[in-house]
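# Descriptive analysis of the structure
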Amino acid sequence: MNTSVKRLLLTVIGAPAAALAVWALAVPVAGTTLTARMGDGTQLVGPVLVVVTSLLAGLAGWGLLAVLERFASQPGRTWTIIALIVLALSLFGPVGNAVGIAATLVLLLLHLVVGAALVLGLPRR
């Protein structure tokens, strides 16, 4: 396995690990309840949801980067712009759907941590 693939794998695995660390500090340690509105009800945001969602985001980002590296003239720059736009749009989820101020802040932090890990780690420099 070449170093580029190793770096990508570490980034895609590192983003969920970082998110899980934030979740662990916020929920079990600080006692925050992470709940989000989903349709007519609410959903508790647990560790499995945090890991699966951030892993899917990382895999999607990696996939997009692979496509851009094949077809775009400046794949890293293009990917970074798209990723930052997606990150900014993703912040509307916690703002509009989190239950409570603490949950909103923690969910925003989760989005920012995963986004930062992927934006900094995926594209080649």
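Before going into details, it helps to say that this report is about the structure given with it.

The rules behind these values
- Residues numbered from 1 in each chain as written.
- Predicted model: local features only at pLDDT ≥ 70, side-chain atom pairs only at ≥ 80, totals over all residues.
- Heavy atoms only, no water.
- Helix = DSSP H or I, 4+ residues; strand = E, 2+ residues; numbered from the N terminus.
- Buried < 20%, exposed > 50% of the residue type's maximum accessible area, 1.4 Å probe, protein only.
- Contact = heavy atoms within 4.5 Å.
- Patch = residues over 30% accessible without salt bridge, like charges linked within 9 Å, V, L, I, M, F, W, Y side chains within 5 Å.
- Areas by Shrake-Rupley, 256 points an atom, 1.4 Å probe, with all protein chains shown as cover.
- Salt bridge = Lys/Arg side-chain N within 4 Å of Asp/Glu carboxyl O.
- 1 Å grid on protein atoms, 1.4 Å probe; cavity = no way out; pocket = protein on both sides within 12 Å on 5 of 7 lines; lining within 4 Å.
- Points joined across faces, edges and corners; volume = space filled by probe spheres on them.
- Nonpolar A, V, L, I, M, F, W, Y, C, P; charged D, E, K, R; others polar.
- Expected span 1.5 Å × (residues − 1).
- Pairing = 2+ DSSP bridges.

## Focus on the overall build of the chain
- When helices and strands are counted, the chain shows five helices and two strands.
- Written out in order from the N terminus, the α and β elements of the chain read α-β-β-α-α-α-α.
- Its C-alpha atoms give the chain principal-axis dimensions of about 45 × 25 × 20 Å.
- Evaluated residue by residue, the chain yields a buried proportion of 35% over its 125 residues.
- Taking all contacts inside the chain whose residues are at least 6 apart in sequence as the whole, residues at least 24 apart take part in 68%.

## Examining a nonpolar patch on the surface
- Judged by side-chain polarity, Val48, Val52, Leu55, Leu56 and Leu59 come together as a nonpolar surface patch covering roughly 430 Å² of accessible area.
- Along the chain, the position of leucine 55 falls in helix 2 (residues 47-71).

## Considerations on the layout of surface pockets
- Roughly 760 Å³ of volume is contained in the largest pocket.
- Lining the largest pocket are 32 residues, and of these Thr53, Ser54, Ala57, Ser90 and His111 sit closest to its centre.
- Counting only elements with at least two residues in the lining of the largest pocket, the list comes to strand 1 (35-38), helix 2, helix 3 (75-90), helix 4 (92-97) and helix 5 (101-121).
- Ranked by residues supplied to the lining of the largest pocket, first place goes to helix 2 with eight residues.
- Class assignment for the residues of the lining of the largest pocket results in 22 nonpolar, nine polar and one charged.

## Quick notes on helix 2
- Over its 25 residues, helix 2 runs 36 Å from end to end, which matches the ideal 36 Å to within 8%, given 1.5 Å per residue.
- Listed as buried for helix 2 are Val50, Ser54, Gly58, Gly61, Leu65 and Leu68.
- Residues of helix 2 that are buried make contact with helix 1 (3-29), helix 3 and helix 5.

## Focus: the pairing of strand 1
- The pairing of strand 1 with strand 2 (residues 41-44) spans four bridges and is antiparallel. When the sheet's bridge partners are listed, threonine 35 is paired in strand 2 with leucine 44.
- Here strand 1 folds back onto strand 2, and the loop between the two strands holds two residues, one of which, glycine 39, carries a positive phi near 65°.

## A closer look at helix 5
- Between its first and last C-alpha atoms helix 5 spans 30 Å; for 21 residues at 1.5 Å apiece the expected length is 30 Å, and the two agree.
- Where the residues of helix 5 are buried, they touch helix 1, strand 1, helix 2, helix 3 and helix 4.

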